[in-house]
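Below, each chain spelled out in residue letters.
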Amino acid sequence: MAPRVLRAEERTPAPWKNGGGVTSEVAAHPEGAGLDDFAWRVSVAEVARGGPFSTFEGVDRNITVVQGPGMALTVDGDTHVLDAPHEPFAFPGDAATGCELLGGPIVDFNVMVRRSLMSARVRIERGPTSVRPCPGTRVLAVVLEGRAVLRRAAVSLGRFDAVLLRDEDNASFDVDGVLAVVTLTERPGLPGH
């Protein structure tokens, strides 16, 4: 099965209910799942102002500042300053979390997984890299800055374009910028696996 290319220009941004930003879904599983029934969801958000984060029971989150001066996240009373771009930060989605912007709007990259079903790991690559998903694992590679080329298919990827790999797809990327590689692994013991 060939890797699936997901183009940024084909996404439809959706405003947040509280008006604090706009989110574009990169990919989710199952496809078409909403915020209440995804196993995993990856998105890019434009954050215009700080405020409380929505609570997601049973969800683990990973957030990466892509653009802007950064933010301070207060997670269950502990403050974490995210003022450097492209440094993933993991936290529980069911924790009481507030966001304070550090000097203006930001763009961030979000990974959410339902912890009873999946785990996620985000790594950042700034040069050539190869990806080889194991059985039961999917990998989503997303260009956060610059460009990348999927070597095998000679597919050029721009900012926020993504490639979804599964079922032991092998892929190599030439990266001229920043590539987020998200490894999504099914928890053992799931029905039918």
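If you're wondering where the values come from, they're calculated on a predicted model, not measured in any experiment.

Novice: Which residues make up the pattern of salt bridges, and what values do they have?
Specialist: A side chain with one charge can pair with a side chain of the opposite charge if their charged atoms come near. Per the stated rule, a full pass over the model turns up eight salt bridges. A salt bridge links aspartate 60 to arginine 115; the nearest nitrogen and oxygen atoms lie 2.9 Å apart. Residue aspartate 60 is located in strand β6 (residues 59-67), and its partner arginine 115 is located in the loop between β11 (106-114) and β12 (118-125); the two are separated by 55 residues in the primary sequence. The class for arginine 115 is partly exposed, based on a relative accessible area of 27%.

Novice: Can you lay out unusual backbone geometry for me, pointing to particular residues and giving the numbers?
Specialist: In the segment running from histidine 29 into proline 30, the intervening peptide bond is cis, with an omega of -5°. Looking at where proline 30 falls in the secondary structure, it is placed in the loop between β3 (21-29) and β4 (40-47). The backbone phi angle of aspartate 76 is positive, close to 45°, even though this residue is not glycine. With respect to the helices and strands, aspartate 76 occurs in the loop between β7 (71-75) and β8 (78-82).

Novice: Describe in detail the sheet that holds β3, supporting the description with residues and values.
Specialist: Taken together, six strands build an open sheet; the order of strands is β2-β3-β4-β11-β6-β9 and the sheet is antiparallel. This sheet does not close on itself; its edge strands, each paired only once, are β2 (14-15) and β9 (89-92). In the sheet, β4 pairs with β11 via eight bridges, with the strands oriented antiparallel. In the strand pairing of β11, valine 44 is matched with phenylalanine 109.

Novice: So what's going on with the environment of alanine 162? Which residues, and what values?
Specialist: As for its placement among the helices and strands, alanine 162 is situated in strand β16 (residues 162-166). What makes alanine 162 buried here is its relative accessible area of 0%. Sequence-wise, alanine 162 and leucine 179 are 17 residues apart; in three dimensions their C-alpha atoms are separated by 9.3 Å. Other than its neighbours up to four places away in sequence, alanine 162 contacts Arg4, Val5, Leu6, Arg11, Val26, Leu140, Ala141 and Val142.

Novice: Account for the sheet that holds strand β10 (residues 97-101), with residues named and values stated.
Specialist: A sheet is described by the order of its strands in space; here four strands give the open sequence β5-β10-β7-β8, paired in antiparallel fashion. Looking at which strands have only one partner, the edges of the open sheet turn out to be β5 (51-52) and β8. Inspection of the sheet shows β5 paired to β10 by two bridges, in the antiparallel sense. Bridging from a neighbouring strand, glycine 51 pairs with cysteine 99 of β10.

Novice: Could you give me a rundown of the layout of surface pockets, with the residues and numbers involved?
Specialist: The calculated volume of the largest pocket comes to roughly 1,100 Å³. In terms of lining, the largest pocket is formed by 46 residues, of which the most central are Thr23, Ser24, Leu35, Arg41 and Ser43. Those elements that provide at least two residues to the lining of the largest pocket are β1 (4-6), β2, β3, β4, β5, β6, β11 and β16. Residue contributions to the lining of the largest pocket peak at seven residues, all from β3. Grouping the constituent residues of the lining of the largest pocket by class yields 21 nonpolar, twelve polar and 13 charged.

The rules behind each value
Residues numbered from 1 in each chain as written. Predicted model: local features only at pLDDT ≥ 70, side-chain atom pairs only at ≥ 80, totals over all residues. Heavy atoms only, no water. Salt bridge = Lys/Arg side-chain N within 4 Å of Asp/Glu carboxyl O. Helix = DSSP H or I, 4+ residues; strand = E, 2+ residues; numbered from the N terminus. Buried < 20%, exposed > 50% of the residue type's maximum accessible area, 1.4 Å probe, protein only. Pairing = 2+ DSSP bridges. Contact = heavy atoms within 4.5 Å. 1 Å grid on protein atoms, 1.4 Å probe; cavity = no way out; pocket = protein on both sides within 12 Å on 5 of 7 lines; lining within 4 Å. Points joined across faces, edges and corners; volume = space filled by probe spheres on them. Nonpolar A, V, L, I, M, F, W, Y, C, P; charged D, E, K, R; others polar.

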